[in-house]
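Coordinates in review
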Amino acid sequence: MRSLALSAVALPLLAWSPALALSTSTKSLVTRGNGYLRHPIRTVAGAPKHRRRQTEEETTTPHHNGASYTIDIEIGTPPQTITVILDTGSNDLWVNPTCVTANIPDYCNQFAQFDWTASSTLQDLEVAHIIRYGKGNVTFQWVADAVTIGGGTIPTQIFGIGLESYDIPMGILGLSPSIAGPNAGDNYGFLLDSLVTERLIASRAFSLDLREIESPEGAIIFGGIDTGKFIGNLERLPMLDPQDTPVGADRYFIYLNGVGVSLPDGSALASDAFQLPIFLDSGGTYSRLPSKIFVAIGEAVPGSQYDPASNLFFADCALANEPGSIDFFFNNKVISVPWKDFLWDSGDGGPCSVGVMEMEEGGEPVFGDTFLRAAYVVYDQDNRELHLAQAANCGTNIVPIGSGPDAVPSGLTGDCEGSTGATATAALDVTATHAPTNIITNAPTVTNAPGFGPGPAQTGLTTTLGGLTRPTGGPQPFGNKNGAVSASVGMGALVALGVVNLIALAL
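Worth saying up front: this structure is predicted, and the values here are computed from it rather than measured.

The strand order across the open sheet formed by four strands is β21-β22-β26-β25, and the pairing between neighbours is antiparallel. Both outer strands of the open sheet, β21 (305–307) and β25 (343–345), are each paired with one neighbouring strand and no more. Strand-to-strand twist of the sheet, defined as the mean angle between neighbouring strand axes without regard to direction, takes the value 40°. Where strand β22 (residues 312–315) and strand β26 (residues 352–354) come together, two bridges link them in antiparallel fashion. The partner of Ala315 across the bridge, within β26, is Cys352.

Inspection of the entire model under this criterion finds three disulfides. The partner cysteine of Cys99 in its disulfide is Cys108, sulfur to sulfur 2.0 Å. Looking down the S-S bond of the Cys99 and Cys108 bridge, the torsion is -70°, so its handedness is left-handed. Among the residues examined, Cys99 registers a relative accessible area of 9% and is labelled buried. What makes Cys108 buried here is its relative accessible area of 2%. Here Cys317 connects covalently by a disulfide to Cys352, the sulfurs 2.0 Å from one another. Measuring handedness by torsion sign, the sulfur bridge of Cys317 and Cys352 sits at about 110° and is right-handed. With Cys317 in the loop between β22 and β23 (325–330) and Cys352 in strand β26, the pair connects residues that are 35 residues apart, well separated along the chain.

Now for the sheet that holds strand β3 (residues 36–40). Pairing is antiparallel across the open sheet formed by seven strands, whose spatial order is β2-β3-β13-β12-β29-β30-β15. Edge strands, defined here as strands with exactly one partner in the open sheet, are β2 (31–33) and β15 (230–238). Averaged over all pairs of adjacent strands, the angle between their axes in this sheet comes to 15°, without regard to strand direction. As judged from the six bridges shared by strand β29 (residues 375–380) and strand β30 (residues 385–391), these two strands associate in the antiparallel manner. By the bridge assignment for β30, Val378 is matched with His387.

As enumerated under the stated definition, the model contains 12 salt bridges in all. Among the ionic pairs, Asp341 bridges to Arg373, the shortest N-O distance being 3.9 Å. In this pair, Asp341 sits in helix α4 (residues 339–342) while Arg373 sits in the loop between α5 (369–372) and β29, placing the two residues 32 residues apart along the sequence. Among the residues examined, Arg373 registers a relative accessible area of 3% and is labelled buried.

Counted residue by residue, β23 has five buried out of six residues, so it is predominantly covered. Across five bridges, the pairing between strand β17 (residues 258–262) and β23 is antiparallel. Its bridge partner being in β23, Gly260 is matched across the sheet by Asp327. Pairing of β23 with strand β24 (residues 333–338), which is carried by six bridges, proceeds in the antiparallel orientation. In the sheet register, Ser325 faces β24, and the bridge partner there is Pro338. Where β23 folds back on β24, the antiparallel hairpin that results is connected by two residues, among which Asn331 adopts a positive phi of roughly 50°.

Scoring rules and cut-offs
- Residues numbered from 1 in each chain as written.
- Predicted model: local features only at pLDDT ≥ 70, side-chain atom pairs only at ≥ 80, totals over all residues.
- Heavy atoms only, no water.
- Pairing = 2+ DSSP bridges.
- Helix = DSSP H or I, 4+ residues; strand = E, 2+ residues; numbered from the N terminus.
- Axes fitted to C-alpha atoms, helices over the stretch in contact; angles between N-to-C directions.
- Disulfide = S-S within 2.5 Å.
- Buried < 20%, exposed > 50% of the residue type's maximum accessible area, 1.4 Å probe, protein only.
- Salt bridge = Lys/Arg side-chain N within 4 Å of Asp/Glu carboxyl O.

Here it is, written out as structure tokens:
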């Protein structure tokens, strides 16, 4: 999720109305093992139709319904169950969006909000923070309280409670490294750091298995890998250093080395090898690629047509039932995304949109959920490596992730069998510059219904001040739906509390 984070003066916590409690508990699927925590991921249905605005994140209702990958965590004493978006594109945890100004107010109101007044262990750190995303923004107050995830409890975790937000329907659990880089002076103990500090896992590493939309078996395993959920070996890929990424942000960037399309008739197209920095963002729905690759993939989809109004490709939704895939190459590994997971239903009985978008000029290439549903990914922050394999499902066998250079065991192989992609019979040209030629005449109506993921977070700015005090005279409104602010704030109590976690990680 893309954001520009700024700090702001401390505000008193605002009151909110209680929302509807979750109707389904996932506690029975939580597993705490020896050195790992497994927690189920839910696909939340009820997404809006697609939209397009050139400067904002665009999402649609995915084929077979569902749109957002979420996780239920427990906060406070006594614990309250709160649903948040699982996001590898940002690093902060915050809850309680403002539903009245959310992009989907009725949807937002379906989920319980954290009642901070009912927690006996909450500490108000009297520091507020602003994050501006590619679409929407949030102002939240830093607090510390108990957080339970995957059966493991962090007694004092720093997170944000929303004071004011726009165009965001759910809170967010960020799992990326600090966007400012590993040596940023304003880092505190993020949730992944705290899991290591509390000795719940051995290192800052987790595996993510989003699975296809209709599957109830997706999971995140902190400190573990399930060999029953992928095919073949895990391809070890180094995370790029910030200076090697498009805008200098420290994200889960790796090199993409090629793309291809496996067609229903058994033939296949593949590009020549190239090297493109791209990062993996579970909080984004679409994938974003440079214009030449976007056009090449879009035109290679059988029966596709281009809509200039939305800048999207569309294809017959019946393609979801056909064999074939969009194929992505990483060194010796191929990840194949079936049509059914790469097509998004417009919701009006018309054609489906193809799950790739054109990257804006000067932007960052992104693999969102349209890619991640087909991949099993291990994120190893400590060793700055990602490990990729084709996702599958042939049982469960969880292997703990250790510590040190070989924390993710070398030679670890999935228990599932299968193949990915077809042998290329023709070239896919991703070097030509041309406008799409097959123009659609019956494109679905583009609505202004935003999607779930605001996009990957940008570098944050923080200022340390002494003697931070609350303003008087009630809540001080600031910001607007464009995220315009001018304020600075000290980290004060935030740093004082978080430094313990940072010291523990260094030991």
